[in-house]
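Analysis of the macromolecular model
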Amino acid sequence: MANHVRKAVFPVAGLGTRSLPATKAVPKEMLTVVDKPVIQYAVEEAKAAGIEEFIFVTSRGKSALEDHFDRNFELYDVLTQRSKTAELEAVREAELPVGQFSFVRQPEPLGLGHAVWCARHIVGNEPFAVLLPDEVFKADPGVLAQMVAAYGQVGGNLIAVREVAPELTAKYGILDVEHDDGRLAAVKGLVEKPKPEEAPSNLSIVGRYILQPEVFEFLDRQERGAGNEIQLTDAMARLIGRQPFHGIRFEGDRYDCGDKIGFVAANVAFALSRPELADKLRESLEAVI
Ligand code: UTP
């Protein structure tokens, strides 16, 4: 069994109801932040963290995702004939290495835990990463790379966390912390969406995980949790006490692109970090505001 993290699961089978009507016919993971679809940011983050196998959990209506990572010969030919080298390079960058990516279907959106469980045979018996692509991070090194480095020290299960305002705990999965060195927090429990007065901390789970394959034993039970969905948090919570389990504070900024404000903010932040766009965008924003 490999003990380094070679595989990553990208659950992309959700309905994206918060982003309607944009997501009626277009998968929310294909909405663009500046000029790249949201999913590509997560894939690039995984590549930079040394991931070798990319597993997408998709559903009906998501075929644009498969096409995005595939080769488009006609487009290559046209761009080559027209000497559009930069565009050709941008298109090539989106490709994944042949034989190193796969798609598995989640037939019904029964929850994030169920989506991850759908990938169990492709993951097999080794540690793996999960990236929720609608959370886009602006971080250098990338958040998953930060986690892989920490995994080399503590092993077990790792989840990325950030501090949220105490009054907002009811929106997130929250850690119950055993001890905390300011970066890594040893976890003794996970609580899904606690009221502020019941929250054991203000460390909230964000969409990056490194998990041990034993999590599938608990997902196999298909137990429903909050919102009558099969929750990843519930299965992860059962690993606590059996295996090392840590939350890691990451360096960088997070944008929830499944939410309208987060999506627009991500576009502004990523565009402002592009030298060829920054000045003109600043002018346009000043004019608008
Ligand atoms: P969200 O909570 O953002 O749900 O899922 P959603 O359905 O995509 O979006 P809204 O809330 O209706 O707008 C978090 C991640 O888990 C995936 C989603 O695709 C997203 O990446 N997911 C969720 C699945 O793959 N399957 C599910 O059954 C649920």
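For the structure, check the block above.
Attention in this report is confined to the structure presented alongside it.

Procedures and definitions
- Residues numbered from 1 in each chain as written.
- Predicted model: local features only at pLDDT ≥ 70, side-chain atom pairs only at ≥ 80, totals over all residues.
- Heavy atoms only, no water.
- Helix = DSSP H or I, 4+ residues; strand = E, 2+ residues; numbered from the N terminus.
- Rg over C-alpha atoms; globule rule 2.2 N^0.38 Å.
- Buried < 20%, exposed > 50% of the residue type's maximum accessible area, 1.4 Å probe, protein only.
- Contact = heavy atoms within 4.5 Å.
- Areas by Shrake-Rupley, 256 points an atom, 1.4 Å probe, with all protein chains shown as cover.
- Lys, Arg positive; Asp, Glu negative; His and termini not counted.
- Charge placed at Lys NZ, Arg CZ, Asp CG, Glu CD.
- Near = heavy atom within 4 Å.
- Polar contact = N/O pair within 3.5 Å; in protein donor to acceptor, adjacent residues only side chain to side chain.

Observations regarding the overall build of the protein chain
- Within the protein chain one finds eleven helices and 13 strands.
- Relative to the globule expectation of 19 Å for 289 residues, the C-alpha radius of gyration of the protein chain, 19 Å, shows essentially globular dimensions.
- By principal-axis analysis of the C-alpha atoms, the protein chain measures approximately 60 × 45 × 35 Å.
- The buried share among the 289 residues of the protein chain stands at 48%.
- Sequence-distant contacts in the protein chain: of pairs separated by 6 or more residues, those separated by 24 or more amount to 75%.
- A total of about 14400 Å² of accessible surface is found on the protein chain, and carbon and sulfur atoms cover 50% of it.
- The distance from the centre of the 33 positive side-chain charges to the centre of the 43 negative ones in the protein chain is 3 Å.

Side note on the site of the ligand
- Close to the ligand lie 18 residues; Thr 17, Arg 18, Lys 28, Gln 106 and Gly 111 are nearest.
- Here Pro 11 contributes a backbone N or O atom positioned 2.9 Å from an oxygen atom of the ligand.
- The backbone of Leu 15 places a nitrogen or oxygen atom 2.9 Å from an oxygen atom of the ligand.
- Relative to its free-state accessible area of 570 Å², the ligand is covered by the protein chains to the extent of 82%.

Scope: geometric values only; no functional claims are made or implied.
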